[in-house]
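# Structural characterization, general
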Amino acid sequence: MFNKQGSHKNREPIDLDEVDKRIIKVLEADARTSLRSIAEQVGVALGTVSNRVRKLERLGVIKGYTVLLDPDKSGWGLSVVIGLRIQKGRLMEVQMKIAEDHRVFGVYDVTGDYDSMVLARACNRGDLDDLSKSVMSMDGIERSITHLVLNTVKEMPPSLPE
């Protein structure tokens, strides 16, 4: 459903017209909206919406449909941002191993003092300790720094650029 691999191919933006953008906005508000309802809201034919949604899926603009969970209410008591310095030549290998952990929800190549940033959740301090000792201490990681998130001001998937 979602790209877990750091694929660099075909990253060029797709040219979206106003109908595509309006369809996407409706789906962002509620991905369960029926095609018929989308057609009514956007002001186009049902067939147009069906074709456009299939096209947006095929082109990878729409990567999947998912449920947005409240981390606190679903049992994730802690959120962390982890900076990693990784041995030269092992970046992708290490990142792919880290990405397999169910607590990790983001792995990024970055510029600056660290090679990679990891976004993860833990149920409690014991779970965070396990994440730190088992995942963030694996072979190939030279150094890590873990930042505990105290307060989440905003956490939403990105929308279309304006």
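It should be noted that the structure appears before, not after, this text.
Quick look at the structure, then. These figures come from a predicted structure and were not determined experimentally.

This part is about the packing of aromatic side chains. All chains considered together, the criterion is met by zero aromatic pairs. Over the ring of Tyr114 we find Arg85; its NZ or CZ atom is 5.1 Å from the centre of that ring. Seen from the ring of Phe105, Arg121 lies directly overhead, with NZ or CZ sitting 4.3 Å from the centre.

Compared with an ideal rise of 1.5 Å per residue, which puts 13 residues at 18 Å, helix α3 (residues 46–58) spans 18 Å between its outermost C-alpha atoms and is within 8% of the ideal. Among the residues of α3, those classed as buried are Val49, Ser50, Val53 and Leu56. For α3, the arc enclosing every buried residue in end-on projection is 135°, short of the 170-degree limit, so these residues lie on one face. Downstream of α3 by a residue or two, Gly60 has a phi angle that is positive, lying close to 85°.

Time to look at the pattern of salt bridges. A side chain with one charge can pair with a side chain of the opposite charge if their charged atoms come near. All told, the structure shown has 13 salt bridges when counted by the stated rule. The salt bridge partner of Arg103 is Asp127, with a shortest N-O separation of 2.8 Å. One end of the pair, Arg103, is in the loop between α4 (91–99) and β2 (104–109); the other, Asp127, is in helix α5 (residues 125–135), with 24 residues separating them in the sequence. Take Arg103: its relative accessible area is 5%, and that puts it in the buried class. Since its relative accessible area comes to 15%, Asp127 is described here as buried. For Asp130, the salt bridge is made with Arg103, and the minimal N-O distance between the two is 2.9 Å. Taken as a pair, Asp130 in helix α5 and Arg103 in the loop between α4 and β2 lie far apart in primary sequence, 27 residues in all.

With five bridges connecting them, β2 and strand β3 (residues 116–122) associate as antiparallel partners. Bridging across to β3, Tyr108 finds its partner in Met117.

This next bit is on the sheet that holds β2. With respect to topology, four strands assemble into an open sheet ordered β2-β3-β1-β4, the strand pairing being antiparallel. Of all strands in the sheet, those bounded by a partner on one side alone are β2 and β4 (141–148). Mean inter-strand twist for the sheet, computed between neighbouring axes without regard to direction, equals 20°. Two elements, strand β1 (residues 78–86) and β3, share seven bridges in a ladder whose sense is antiparallel. Pairing of Leu84 across the sheet is with Ser116, part of β3. Its contacts with the sheet put α4 on β1, β2, β3 and β4, and the angle it makes with β2 is roughly 165°.

Our next topic: the packing of helix α2 (residues 35–42) against α3. Where α2 contacts α3, the axes come no closer than 8 Å and their chain directions differ by 110°. In terms of orientation, α2 lies roughly perpendicular with respect to α3. Side by side, α2 and α3 meet where Leu35, Arg36, Ile38 and Ala39 of the first sit next to Leu46, Val49, Ser50 and Val53 of the second.

Here the focus is the nonpolar core. Core analysis: the largest hydrophobic core is formed by 17 residues, its most contacted members being Ile82, Leu84, Ile98, Val118, Leu131 and Met136. Where this core is concerned, the elements lending two or more residues are β1, α4, β3 and α5. Looking at which element gives the most residues to this core, the answer is β1, with five residues. Excluding residues that lie within four positions of it along the chain, Ile82 makes contacts with Ser116, Met117, Val118, Leu131, Met136, Ser144, Ile145 and Thr146. Within the second largest apolar cluster, 14 residues are counted, among which are Leu16, Ile23, Ile38 and Leu56.

What counts and how
Residues numbered from 1 in each chain as written. Predicted model: local features only at pLDDT ≥ 70, side-chain atom pairs only at ≥ 80, totals over all residues. Heavy atoms only, no water. Phe/Tyr/Trp six-rings, centres within 6.5 Å; stacked < 30°, edge-to-face > 60°. Lys NZ or Arg CZ within 6 Å of the ring centre and 35° of its normal. Helix = DSSP H or I, 4+ residues; strand = E, 2+ residues; numbered from the N terminus. Expected span 1.5 Å × (residues − 1). Buried < 20%, exposed > 50% of the residue type's maximum accessible area, 1.4 Å probe, protein only. Arc of directions from axis to C-beta. Salt bridge = Lys/Arg side-chain N within 4 Å of Asp/Glu carboxyl O. Pairing = 2+ DSSP bridges. Axes fitted to C-alpha atoms, helices over the stretch in contact; angles between N-to-C directions. Contact = heavy atoms within 4.5 Å. Parallel < 35°, antiparallel > 145°, perpendicular 65-115°, else oblique. Core = buried A, V, L, I, M, F, W, Y, C linked by side-chain atoms within 4.5 Å.

By themselves, these are just geometric observations and shouldn't be taken as functional.
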